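The primary structure of each chain is shown beneath.
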Amino acid sequence: MENNNFGYHAEKLKVGLEAVSLASKITRRIQNSLVEEDILTKTDSSPVTIADFAAQTIVNSTLAKRLPKAVSMVSEEEGSNLTNNKTLESVMKFIKNTLDISNHLQLKAAIDFGKNKEKPKKFWTLDPIDGTKGFIRGQQYAISLAYIEENEIQLGILGCPNLNPDLSCDPEVVHKKGSLLFATKNHGAWSTDIDNPYRNLKRVRSSSELSIEQLKLCESVEAAHSRHNVTKRILNQLGVKQDSIKLDSQVKYAVVARGQGHIYLRIPTLEHYKEKIWDHAAGCIIAEEAGLVVSDIHGKRLDFNCGEELKKNAGIVCAPSYHHRTIIRSIEKNI
Ligand code: AMP
Ligand code: MG
């Protein structure tokens, strides 16, 4: 780690990697013992688990303790959604030996750490469990942390506790060690050991030039998050022959960044749905630094400076630069 140049935000990167590594350990433990009572439903009907709250608490508390300056945080979970004492106790059980938190009030404050009513210019964004539905099914999920400054993502970290670090293995098959990926602006994308981020550091690069027939698509497992039928039509028209890889969460960005897949398409299912910044910031910089182009379905760059949502964008296209334009044209004909 010390011998590599990760740029101006190297110290933040170090703290972020430790935070995500620690959170990954706890979420792995929770996933292995998950029971029905550990799952709640939010007001928007989406599921949330004790792991979402535990991971947010761990990442936030690590940043709060280790970073010298005040931190603004745009994070998915809210302390106010932890309403019953039994669930609060379940979260406490998993974090109490790791953090200095001894009561429910401190726990809720840690979950809401860094939330800011004003729109900050420099901020972190966190999805403590991206792909909660995959997490509940016992499949892929990601802990996603990114730092944004000067209208640009400066660093991104994806803890993928179920993703096999061995690139020759099927990414859909759950692995018990997992992978950790990160990128800093203009300093490349990297993979490292999820339990010890200072070990096994390797550069991550997307596939070099491939013909359209060789391309493999990554898409959501959930048909409610991306239009599978439209994607299929686009792939047929383009002449893509390979079977798609279905994965929950930003693990899709990790898989295309590592060259195991080559395109990630997210075709909006609802006209007015706006993607959340924590669902894309870390994955986006990792994919870009690995050599891919990331845009919305109209070819527009993603704008992470409109609050919690990608208000000026619709859907996602992450693809090799030499196929990106062709894919956008095909999407425009099919939606
Ligand atoms: P994925 O695992 O890639 O399917 O994405 C999971 C994320 O999809 C969750 O974190 C949600 O924030 C997000 N999501 C929820 N509803 C929708 C929707 N209608 N369209 C796109 N994404 C959604
Ligand atoms: Mg998410």
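This is a predicted model, so every value here is computed, not measured.

1. A word on the packing of helix α3 (residues 85-95) against helix α4 (residues 104-111)
At a minimum axis distance of 11 Å, the contact between α3 and α4 shows a crossing angle of 75°. Relative to α4, the element α3 lies roughly perpendicular. Taking contact as the criterion, the partners of N85, L88, E89, V91, M92 and I95 in α3 are, on α4, H104, L107 and K108.

2. Here we look at the state of the cysteines
By the definition in use, this model includes 0 disulfides. In this structure C218 is not part of a disulfide, and its nearest cysteine sulfur, from C318, lies 8.8 Å away. Cysteine C284 shares no disulfide, and the gap to the nearest cysteine sulfur, in C318, comes to 7.7 Å. Its relative accessible area of 3% is what places C284 among the buried residues.

3. Considerations on the pairing of strand β14 (residues 316-320)
Counting buried positions along β14 gives 5 out of 5 residues, so the element sits mostly inside the fold. Sheet topology note: the strand β12 (residues 263-266)/β14 ladder contains 3 bridges and is antiparallel. In the strand pairing of β14, L265 is matched with V317. Pairing geometry for strand β13 (residues 292-295) and β14, over 4 bridges, is antiparallel.

4. Brief notes about the sheet that holds strand β5 (residues 142-149)
Here we have 7 strands laid out as an open sheet, ordered β3-β4-β5-β6-β7-β8-β9, and mixed in their pairing. Only two strands of the sheet have a single neighbouring strand rather than two, namely β3 (73-75) and β9 (202-204). The mean angle between the axes of side-by-side strands here comes to 20°, regardless of whether they run parallel or antiparallel. Where strand β8 (residues 189-192) lies against β9, 3 bridges are found, and the strand directions are antiparallel. When the sheet's bridge partners are listed, A189 is paired in β9 with V204. Packing of helix α1 (residues 10-32) onto the sheet brings it into contact with β4 (123-130), β5, β6 (152-160) and β7 (179-184), and relative to β6 it is tilted by some 25°. Running over the sheet, helix α2 (residues 50-66) touches β3, β4 and β5 and is turned about 150° from β4.

5. Structural notes on the packing of aromatic side chains
Where two aromatic rings form a pair, the distance of their centres and the angle of their planes describe that pair. Overall, the coordinates contain 5 aromatic pairs when judged by the stated rule. Consider the rings of W124 and Y147, whose centres lie 5.2 Å apart with planes at 55°: the pair is tilted. Taken together, the residues span a long stretch of sequence, with W124 in strand β4 and Y147 in strand β5 at a distance of 23 residues. Accessibility classification places W124 together with Y147 in one group, the buried group. Taken together, a centroid distance of 4.8 Å and an interplanar angle of 85° make the contact between Y253 and Y264 edge-to-face. Residue Y253 is located in helix α7 (residues 251-257), and its partner Y264 is located in strand β12; the two are separated by 11 residues in the primary sequence.

6. Digging into the nonpolar core
Ranked by internal contacts, the top residues of the largest apolar core, which has 48 residues, are L63, L107, W124, L145 and I157. Residue assignment for this core shows that the elements contributing at least two residues are α1, α2, α3, α4, β4, β5, β6 and β7. Sequence-distant contacts of I157, that is, excluding residues within four places in its chain, are made with L13, G16, L17, V20, I143, S144, L145, L180, L181, F182, A282 and I286.

Thresholds, definitions, all that
- Residues numbered from 1 in each chain as written.
- Chains lettered and ligands numbered in written order.
- Predicted model: local features only at pLDDT ≥ 70, side-chain atom pairs only at ≥ 80, totals over all residues.
- Heavy atoms only, no water.
- Axes fitted to C-alpha atoms, helices over the stretch in contact; angles between N-to-C directions.
- Helix = DSSP H or I, 4+ residues; strand = E, 2+ residues; numbered from the N terminus.
- Parallel < 35°, antiparallel > 145°, perpendicular 65-115°, else oblique.
- Contact = heavy atoms within 4.5 Å.
- Disulfide = S-S within 2.5 Å.
- Buried < 20%, exposed > 50% of the residue type's maximum accessible area, 1.4 Å probe, protein only.
- Pairing = 2+ DSSP bridges.
- Phe/Tyr/Trp six-rings, centres within 6.5 Å; stacked < 30°, edge-to-face > 60°.
- Core = buried A, V, L, I, M, F, W, Y, C linked by side-chain atoms within 4.5 Å.

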